[in-house]
Amino acid sequence: MSETPKKAAITGHPVAHSRSPLVHGYWLKKHGIDGDYGRVDVAPEEAQAFYRNFAASGLTGANVTVPHKETAAVACDQLDEAARTMGAANTIWLDEDGRLCGANTDWEGFLGNLDQGAPGWDARPGTAVVLGAGGAARAIVFALLARKFTHVHIVNRTVEKAQKIVDEFGSRTSAHGWDNLGKLLGKADLLVNTTALGMTGKPLLEIDLSELSKTALVTDAVYVPLETDLLKQASARGNPTVDGLGMLLHQAVPGFERWFGVRPEVDDDLRALVLKDLGAAS
Ligand code: ATR
């Protein structure tokens, strides 16, 4: 008797523009797995009940996107360390006892992207500057501390939000406003933008990189456009750069492995497929 095909989905509100079905669909086909990955739009007023009764959805597991990552984490019976620390789950599944388990894989996406795009980038972990203090910044701070960065400076328009992250992560982190940026860049080995600035349709990220060492790695969580103005500026002065698309692709790896039993790779064909889709939409 053949097993019932496993089903997973991106859940959130809205989900119509999510690229996750494209990514997981590519891997299902590549590995010849008889499974399905769809979209489930969960209205905010239904979110609590949906995740609490996740078994009733008929899904083996799911990705969770805004604005439900916190609600999903609260509904889980068990969370991995990252989801517990961040209070947000982006990957969920039912274990063999029917308990809902949650993970946050955004930090793994960030690391997977840099490991692939700039091998050896963390050989001498030093000081990082992270721009922004939202969910992506929190995951990236978690990732950098896991890779033994000695200090992470979080720079945000609203300093209180950066301070909240510092309160969670402790003395290897500090919070700053934008006015401090020039001085901080002078000591940075890594610069990461996690704000929406530089994204198509948003204001540009206005930044003066003249203090930044030419060996510092520069990366951007924004991937539309793929080469943001920040990355262009950094490349022009000789800094190594890694674009943000890989973060999206790599964060999907642990979920696919959990639901479908195969650890997939982020290969050139997948990147090309998603890039084509992004191009078609812009
Ligand atoms: P995500 O979860 O993707 O990180 P988010 O929680 O909406 O997204 O965070 C967006 C980040 O971009 C925040 O750090 C935000 O700064 P504030 O906390 O001060 O709002 C930053 N951001 C967005 N628009 C900005 C702007 N025009 N200037 C400076 N920072 C901006």
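Heads up: these notes are all about the structure in this document. (Residues numbered from 1 in each chain as written. Predicted model: local features only at pLDDT ≥ 70, side-chain atom pairs only at ≥ 80, totals over all residues. Heavy atoms only, no water.)

## Here's the deal with the site of the ligand
Part 1: Contacts to the ligand come from Gly132, Ala133, Gly134, Gly135, Ala136, Asn156, Arg157, Thr158, Lys161, Thr195, Ala196 and Leu197.
Part 2: One of the backbone nitrogen or oxygen atoms of Gly135 is found 3.0 Å away from an oxygen atom of the ligand.
Part 3: One of the side-chain nitrogen or oxygen atoms of Lys161 is found 2.9 Å away from an oxygen atom of the ligand.
Part 4: Coverage of the ligand by the protein amounts to 64% of the 650 Å² it exposes when considered alone.
Part 5: Taking a 2 Å distance to the grid points as the criterion, the majority of the atoms of the ligand fall inside the largest pocket.
Part 6: Taken together, the residues of the shell around the ligand break down into four nonpolar, six polar and two charged. (Near = heavy atom within 4 Å. Polar contact = N/O pair within 3.5 Å; in protein donor to acceptor, adjacent residues only side chain to side chain. Areas by Shrake-Rupley, 256 points an atom, 1.4 Å probe, with all protein chains shown as cover. 1 Å grid on protein atoms, 1.4 Å probe; cavity = no way out; pocket = protein on both sides within 12 Å on 5 of 7 lines; lining within 4 Å. Sits in = over half its atoms within 2 Å of the grid points. Nonpolar A, V, L, I, M, F, W, Y, C, P; charged D, E, K, R; others polar.)

## Some words on the layout of surface pockets
Part 1: As a volume, the largest pocket reaches approximately 1600 Å³.
Part 2: Taken together, 47 residues make up the lining of the largest pocket; nearest its centre are Thr65, Val66, Lys69, Ala136 and Tyr223.
Part 3: Of all the secondary-structure elements, those providing two or more residues to the lining of the largest pocket are strand 3 (61-64), helix 3 (69-75), helix 6 (135-146) and helix 10 (245-250).
Part 4: When residues of the lining of the largest pocket are assigned to their parent elements, the largest contribution, five residues, is made by helix 6.
Part 5: Among the residues forming the lining of the largest pocket, the class breakdown is 23 nonpolar, 16 polar and eight charged.
Part 6: Of the domains in this structure, domain 1 (6-105 + 252-281) and domain 2 (107-243) are the two that each give at least three residues to the lining of the largest pocket.
Part 7: The calculated volume of the second largest pocket comes to roughly 270 Å³. (Points joined across faces, edges and corners; volume = space filled by probe spheres on them. Helix = DSSP H or I, 4+ residues; strand = E, 2+ residues; numbered from the N terminus. Domains from an automatic or database assignment.)

## With respect to the sheet that holds strand 10 (residues 190-193)
Part 1: Reading across the sheet, the six strands line up as 9-8-7-10-11-12 and stay open at both edges, with parallel pairing between neighbours. Only two strands of the sheet have a single partner each, and these edge strands are strand 9 (173-176) and strand 12 (241-242).
Part 2: The pairing of strand 8 (residues 151-155) with strand 9 spans four bridges and is classified as parallel. Bridge pairing links Ile154 to Ala175 in strand 9.
Part 3: Across the sheet, helix 9 (residues 229-236) lies against strand 10, strand 11 (217-220) and strand 12, angled at about 165 degrees from strand 11, the strand it touches most. (Pairing = 2+ DSSP bridges. Contact = heavy atoms within 4.5 Å. Axes fitted to C-alpha atoms, helices over the stretch in contact; angles between N-to-C directions.)

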